[in-house]
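Okay, here's what each chain looks like letter by letter:
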Amino acid sequence: MEEFVTEEAALPPAPGEAEHPSLALANSAVTLPGGHTADLLGTPAQAEQWLARRDLAPEGAGLAEVCATQLRSLREQVRSLLASRVTGQPALPAAITAVNNAMTLVPTASLLLWDEKTGPRRATPHPTTAIVEHALAAIATDAADLLTTPDATRLTACASPPCNRFLLKHGRRQWCSTRCGDRARAARAYARRTATD
């Protein structure tokens, strides 16, 4: 049975997440040892907090479930694209379309509205929706940049099963965190001991 753990129990940021919000988004749902998972976007409040920590939305923006769902949906498409890049497989057309749609969804201007009492004014029709659309556009743009710049050659998946996170390699590091590295080294040591017994 899959068990969800709290955000505090989740792993620290993987190398590259600070520079690439798309990498952080892809890693916002992680598989942990023992059948545990952590989803940092599981609720609208968590999604809002995740966006606010990355300066992609203001605190108290009032995200609804539909907004969190949009963010989780983009996460799956970005994960698909990163996995395709890491494995050298062709990208799913739906993932490319989703990223392109997110990049072009943001309106370039506020709309003209007319109020009977105050007259004409310019505003976005729904401010929370606009916040989410701008965040999605920023993340999608970053994903496109990550996949097409020299950082793409450093992109890899964590080498410590069951972890499903991505990272940008620095030197020979193959793991997204010290915890995953320690777990992988312990597994190798155990395998050597049992092979000699």
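Parameters at a glance
Residues numbered from 1 in each chain as written. Predicted model: local features only at pLDDT ≥ 70, side-chain atom pairs only at ≥ 80, totals over all residues. Heavy atoms only, no water. Pairing = 2+ DSSP bridges. Helix = DSSP H or I, 4+ residues; strand = E, 2+ residues; numbered from the N terminus. Expected span 1.5 Å × (residues − 1). Buried < 20%, exposed > 50% of the residue type's maximum accessible area, 1.4 Å probe, protein only. Polar contact = N/O pair within 3.5 Å; in protein donor to acceptor, adjacent residues only side chain to side chain. Contact = heavy atoms within 4.5 Å. Disulfide = S-S within 2.5 Å.

Draft legend 1. A look at the pairing of strand β5 (residues 119-123). In this sheet, β5 lies alongside strand β4 (residues 111-115) in antiparallel orientation, the contact comprising five bridges. The residue bridging W114 from the neighbouring strand is P120, located in β5. Between the end of β4 and the start of β5, which pair antiparallel, lie three residues.

Draft legend 2. Geometry of helix α3 (residues 65-87). The end-to-end C-alpha distance of α3 is 33 Å, a good match for the 33 Å that 23 residues give at a rise of 1.5 Å each. By the burial criterion, the buried members of α3 are C67, A68, L71, R72, L74, R75, V78, R79, S80, L81, L82 and S84. Two residues or fewer after α3 comes G88, characterised by a positive phi angle close to 75 degrees.

Draft legend 3. Main features of the side chain of N27. Residue position: N27 is located in the loop between α1 (21-26) and β2 (29-32). A distance of 2.8 Å separates a polar atom in the side chain of N27 from the backbone oxygen of F166. In this structure N27 touches A14, E17, R79, R165 and F166, once residues within four positions along its chain are discounted.

Draft legend 4. Representation of the state of the cysteines. Counting across every chain of the model gives zero disulfides. Cysteine C180 remains unbridged, with the sulfur of C176 as its closest cysteine sulfur at 3.7 Å. By relative accessible area, C180 is classed as buried at 0%.

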